[in-house]
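# Tertiary structure, described
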Amino acid sequence: QVQLVESGGGLVQAGGSLGLSCVASGNIFSINVMGWYRQAPAKQRELVASISSIGVTYYAASVKGRFTISRDNTNNTVYLQMNSLKPEDTAVYSCAAWGVVVLPRGKYDYWGQGTLVTVSS
């Protein structure tokens, strides 16, 4: 069983910064891609950023230049540093891991429960 646990959400003023982290635990051999989704009320879920095991990154246009994703492969952890936050960044941010090779065998995708980020104007 693999679990993804996020931390770091909270309330921040517009223009401020916030950092999120997500730790994947369990019988993990390797993880291909890790990333972050977000879902705001009455909006579709959006892939915010992702990072491969070799460091190739993707950013949604709405966050490019403001958010930075990074990961620690040794500790199966992914981070999201969010700067210059805007009220429209308010959402539940969920961690995801794709292509998780688990022991003794198998490859699956996993999602975390999410953490709320609220940006006040």
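Attention in this report is confined to the structure presented alongside it. (Residues numbered from 1 in each chain as written. Predicted model: local features only at pLDDT ≥ 70, side-chain atom pairs only at ≥ 80, totals over all residues. Heavy atoms only, no water.)

### Focus on unusual backbone geometry
Cis geometry is adopted by the peptide bond preceding Pro104, which originates at Leu103 and carries an omega value of 5°. Structurally, Pro104 is set in the loop between β9 (91-102) and β10 (107-111). (Helix = DSSP H or I, 4+ residues; strand = E, 2+ residues; numbered from the N terminus.)

### Description of the pairing of strand β5 (residues 46-52)
Along β5, 5 of the 7 residues are buried, which leaves the element largely enclosed by surrounding structure. When strand β4 (residues 28-39) meets β5, the two strands line up antiparallel, connected through 6 bridges. Across the sheet, the residue bridging to Trp36 is Ala49, located in β5. Between β4 and the antiparallel strand that follows it, β5, lie 6 residues; Ala42 among them carries a positive phi value of about 65°. Across 3 bridges, β5 lies against strand β6 (residues 57-59) in antiparallel orientation. The residue bridging Ala49 from the neighbouring strand is Tyr59, located in β6. Between the end of β5 and the start of β6, which pair antiparallel, lie 4 residues, with Gly55 showing a positive phi angle near 95°. (Buried < 20%, exposed > 50% of the residue type's maximum accessible area, 1.4 Å probe, protein only. Pairing = 2+ DSSP bridges.)

### Observations regarding the side chain of Ser50
Turning to its location among the elements, Ser50 is positioned in strand β5. The residues touching Ser50, leaving out its near neighbours within four places in the chain, are Val33, Met34, Gly35, Val56, Thr57, Tyr58, Ile69 and Trp98. (Contact = heavy atoms within 4.5 Å.)

### Side note on the nonpolar core
The biggest cluster of nonpolar side chains holds 33 residues, and the ones touching the most others in it are Trp36, Leu80, Met82 and Tyr93. Among the secondary structure elements, those contributing two or more residues to this core are β3 (18-25), β4, β5, β7 (67-72), β8 (77-82), β9 and β11 (115-120). Take this core: its biggest share by element is 6 residues, from β9. Apart from the residues within four sequence positions on either side, Met82 is in contact with Gly16, Ser17, Leu18, Leu20, Arg66, Phe67, Tyr93 and Val117. (Core = buried A, V, L, I, M, F, W, Y, C linked by side-chain atoms within 4.5 Å.)

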